[in-house]
Amino acid sequence: MGGGQPVIRVKFGTSCSARSDPYLNTDAGTMSPFEHGEVFVLDDGGEVDLDLGNYERFLDIKLTRDNNITTGKIYQAVINKERKGDYLGKTVQVVPHITDEIQDWIERVAMNPVDGTDKPADVCVIELGGTIGDIESMPFIEALGQFSYRVGPGNFCLVHVSLVPVLTVVGEQKTKPTQHSVRGLRGLGLMPDILACRSTQPLEENVKLKLSQFCQVPVSNIVNLHDVTNIWHIPLLLRDQRAHEAILKVLGLWCVGKVPQEPKLSEWTERASRFDKLKSPVRIAMVGKYTGISDSYLSILKALLHASVALDRKLVVDWVPSCDLEDSAAVETPDAYEKAWGLLKGANGVLVPGGFGDRGVQGKILAAKHARENNVPYLGICLGMQIAVIEYARSVMKLRDANSTEFDPAAKTPCVIFMPEGSKTHMGATMRLGSRRTFFQVNNCKSAKLYANANYVDERHRHRYEVNPDMVSEFEKAGLSFVGRDESGRRMEIIELPTHKFFVGTQFHPEFNSRPGKPSPLFLGLIAASSGQLEHLLQRTSGAVSSPTRCIAGPGAPKTKLRMNGLVSTYFANGSSIHI
């Protein structure tokens, strides 16, 4: 590998991921969900592209903010070095300084453990976003071209993802888009080793032969990713086409005369099969203001899916724009108003996710009120919890002026306030971000039982506002229970209504730690309550820890396992280990 020590240790085993986004933002934190989908939050507080969430879910790893490389980060790093004089008077240019910084970043990140061990990753997956020919991605293309030349054959495998569309008039699969993109890629100094072709239907054999001839890629290295009934079939699709063998050969890991170990995908196979057979529906009303694009709530959708499959229910999500629930919509858009309320009233459960700004807030308050008054299972996340507190103050405590200072800075009854450590002048990375600890205050509450009677849990946060701690005693006297708090005891983390079937709000975002086979406990609770299984689920989860005394805490703590219908093979209460 370049005649010296290996740049990236390449064996076949665990992997880490680096996502390259050629936008000038330093991170995804300040972008609207309409622009780029949801902002995924990592344990270290990194606000990153939603694709890193896909990596964490599929690989069951924990990434860091450095695993998301943006043009903004690269240029910022280079400019900081220039200001310090690190370039010793040289003219700073895109080549070599920007391209070198990209390569250095990749090499540094590739050595960081992401699977809970202290060993570097065996394979580093580098995803370059965008489209070939984009001006923004040119420095990254050049950097990867230099990188592939420097590390040499056997240490770099380029997988090019391309679309093979079908002309509906004649039903012909067209290879021209892939041919042109490969030609453009080769003109920029990169030669694909493997083609990953997206299509609606399996590729015809003559199409593969044509792609092989014109793109100069062996037929065995052309992988077809056609539409499937659920995304969990994709690893099985790759295995059946021997994609792992193609990668082994390109990376020089193929042992002549030895049969490579088959990927262990029995759990995936069972889960994908079970998903296709689900029939009993559970309807969840998703009440938000970004309902026009489902990627805005991608992690929540995945968490709902993980929980519903674990409980043998077919998930049906009803998208309810919160603005359409408001009284003004009844006059301005009566059809939308009737539809929104029809969906809300017909749902088995209600979920109000996080968000920013005052648009649609009144609709979310009405959704929380409907769930509370009609004993409909409710889960409020971040803003969804704050909304529930405001609604309770107005409707139950008769505090008509109750509000959040986010929506009314001069609120007479500020039950939700700006956090004192936050910044009102800078938006990027100034929120309370990343994994924080929540301590349970009530042992027999539903949330604690769902987390297997843990004393505390670690979940990820992303918020600027919090429940006013000076009003907590008033709320609790009125019947609202704050069952989870931070280490100081003054920051509210989980609310519950003890007399309700399932009415829970969390300041943290439990969806970010949900995994296939390891569903988030609170999402399990929502689906269970919405499908008549909550009592049975609580008996299982609250009995998961045999002893009520303390167990070993820390990285070496034993992990408590809980099986559910054969689908949850290793369920952990807080994503890592249970502490009681």
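Residues numbered from 1 in each chain as written. Predicted model: local features only at pLDDT ≥ 70, side-chain atom pairs only at ≥ 80, totals over all residues. Heavy atoms only, no water.

You'll find the protein chain entered in an unreviewed UniProt entry as CTP synthase, with Triticum aestivum given as the organism. Taken from UniProt, the Sequence similarities (unreviewed entry) comment for the protein chain reads in full: "Belongs to the CTP synthase family." (UniProt positions renumbered as here; feature names shortened; annotations may be inferred.)

A. Region of the structure containing the environment of Asn221. With respect to the helices, strands and loops of the structure, Asn221 is situated in the loop between helix H7 (205-215) and strand E10 (222-226). Along the primary structure Asn221 and Arg242 are separated by 21 residues, whereas in three dimensions their C-alpha atoms are 8.8 Å apart. A distance of 3.4 Å separates a polar atom in the side chain of Asn221 from a polar atom in the side chain of Ser220. (Helix = DSSP H or I, 4+ residues; strand = E, 2+ residues; numbered from the N terminus. Polar contact = N/O pair within 3.5 Å; in protein donor to acceptor, adjacent residues only side chain to side chain.)

B. Geometry of the packing of helix H6 (residues 176-187) against H7. Contact pair H6 / H7: the axes reach a minimum separation of 10 Å and the direction vectors enclose 25 degrees. Judged on the interaxial angle alone, H7 and H6 are roughly parallel. Here H6 runs over H7; the crossing is right-handed. Between H6 and H7, the contacting residues are Thr178, Gln179 and Val182 on the first element and Lys210, Leu211, Phe214 and Cys215 on the second. Here the contact of H6 with H7 is built from residues that sort into 4 nonpolar, 2 polar and 1 charged. (Axes fitted to C-alpha atoms, helices over the stretch in contact; angles between N-to-C directions. Parallel < 35°, antiparallel > 145°, perpendicular 65-115°, else oblique. Left-handed = near helix turned anticlockwise from the far one by under 90°. Contact = heavy atoms within 4.5 Å. Nonpolar A, V, L, I, M, F, W, Y, C, P; charged D, E, K, R; others polar.)

C. Local environment of the pairing of E10. For E10, a buried count of 5 out of 5 residues is recorded, marking the element as mostly surrounded by other parts of the structure. Side-chain alternation along E10 places Ile222, Asn224 and His226 on one buried face and Val223 and Leu225 on a second face that is also buried. Both strand E9 (residues 194-199) and E10 contribute to a ladder of 5 bridges, which runs parallel. Within E10, the residue paired with Cys197 across the bridge is Asn224. As a crossover connection, the stretch from E9 through H7 into E10 is right-handed. (Buried < 20%, exposed > 50% of the residue type's maximum accessible area, 1.4 Å probe, protein only. Pairing = 2+ DSSP bridges. Right-handed = clockwise from strand over helix to strand, strands pointing away.)

D. Representation of the sheet that holds strand E22 (residues 503-506) in the model. Taken in spatial order, the 9 strands make up an open sheet running E12-E11-E13-E14-E22-E21-E20-E17-E18, and their pairing is mixed. Both edges of this open sheet fall to strand E12 (314-321) and strand E18 (456-463), since each of them pairs with a single strand only. Adjacent strand axes in the sheet meet at a mean angle of 25 degrees, parallel and antiparallel pairs treated alike. Relative to strand E20 (residues 481-485), strand E17 (residues 432-440) runs antiparallel, the two being bridged by 2 bridges. Residue pairing for E20: Phe439 is matched across the bridge by Arg485. Packed on one face of the sheet, helix H11 (residues 298-310) meets strand E11 (281-288), E12, strand E13 (349-352) and strand E14 (378-381) and runs near 150 degrees to E12.

E. How the structure looks around helix H18 (residues 521-530). Burial of H18 is extensive: 10 of the 10 residues sit out of reach of the surface. If you check which residues of H18 are buried, you get Pro521, Leu522, Phe523, Leu524, Gly525, Leu526, Ile527, Ala528, Ala529 and Ser530. Just downstream of H18, Gly532 is the residue with a positive phi angle, here 75 degrees.

F. Representation of the side chain of Glu493 within the structure. Tracing the chain through its elements places Glu493 in strand E21 (residues 492-496). Within polar-contact distance, the side chain of Glu493 engages the side chain of Arg432 at 3.0 Å. With residues up to four places along the chain from it excluded, the contact list for Glu493 reads Met385, Arg432, Thr438, His461, Gly484, Arg485, Asp486, Gly505, Thr506, Gln507 and Phe508.

G. View of helix H13 (residues 334-346). The end-to-end C-alpha distance of H13 is 18 Å, a good match for the 18 Å that 13 residues give at a rise of 1.5 Å each. Buried-residue contacts for H13 involve E11, E12, helix H12 (327-332), E13 and helix H14 (361-373). (Expected span 1.5 Å × (residues − 1).)

H. Fine view of the nonpolar core. One finds Val350, Tyr378 and Phe475 to be the most contacted residues of the largest nonpolar core, which totals 45 residues. Formed by 39 residues, the second largest nonpolar core is a distinct cluster that contains Ile300, Leu301, Ala528 and Ala529. (Core = buried A, V, L, I, M, F, W, Y, C linked by side-chain atoms within 4.5 Å.)

I. Expanded view of the pairing of E9. With 5 of 6 residues buried, E9 lies mostly within the body of the structure. Pairing analysis gives 5 bridges linking strand E6 (residues 159-163) to E9, with the strands arranged parallel. Each bridged residue has a counterpart across the sheet, and for Val159 the counterpart in E9 is Ile194.

J. View of a positive patch on the surface. Judged by side-chain charge, Lys176, Arg183, Arg186 and Lys210 come together as a positively charged surface patch. For the positive patch, the element with the most residues is H6, which contributes 3 residues. Tracing the sequence through the fold places Arg186 in helix H6. (Patch = residues over 30% accessible without salt bridge, like charges linked within 9 Å, V, L, I, M, F, W, Y side chains within 5 Å. Areas by Shrake-Rupley, 256 points an atom, 1.4 Å probe, with all protein chains shown as cover. Salt bridge = Lys/Arg side-chain N within 4 Å of Asp/Glu carboxyl O. Lys, Arg positive; Asp, Glu negative; His and termini not counted. Charge placed at Lys NZ, Arg CZ, Asp CG, Glu CD.)

K. Representation of the packing of aromatic side chains within the structure. Within the structure shown, the criterion is met by 12 aromatic pairs. On the basis of an interplanar angle of 15 degrees and a centroid distance of 5.3 Å, the ring pair of Phe58 and Trp268 is categorised as stacked. Pair noted here: Phe58 is in helix H2 (residues 50-59) and Trp268 is in helix H10 (residues 266-277), with a separation of 210 residues, a long-range link. When the centroid spacing of 6.1 Å and the interplanar angle of 70 degrees are considered together, the rings of Phe147 and Phe156 count as edge-to-face. In this structure, Phe147 and Phe156 share a single accessibility class: buried. Taken together, Tyr290, Tyr297 and Trp319 form an aromatic cluster joined through their ring pairs. The ring centre of Trp232 lies 5.7 Å from the NZ or CZ of Arg271, which sits over that ring. The cationic tip of Arg271 hangs over the ring face of Trp268; the distance from NZ or CZ to the ring centre is 5.4 Å. (Phe/Tyr/Trp six-rings, centres within 6.5 Å; stacked < 30°, edge-to-face > 60°. Lys NZ or Arg CZ within 6 Å of the ring centre and 35° of its normal.)

L. A look at the side chain of Ser137. With respect to the element layout, Ser137 can be found in the loop between strand E5 (123-128) and helix H5 (138-151). Note on Ser137: relative accessible area 3%, which makes it buried. When neighbours within four sequence positions are excluded, Ser137 is seen to be in contact with Pro22, Gly129 and Thr131.

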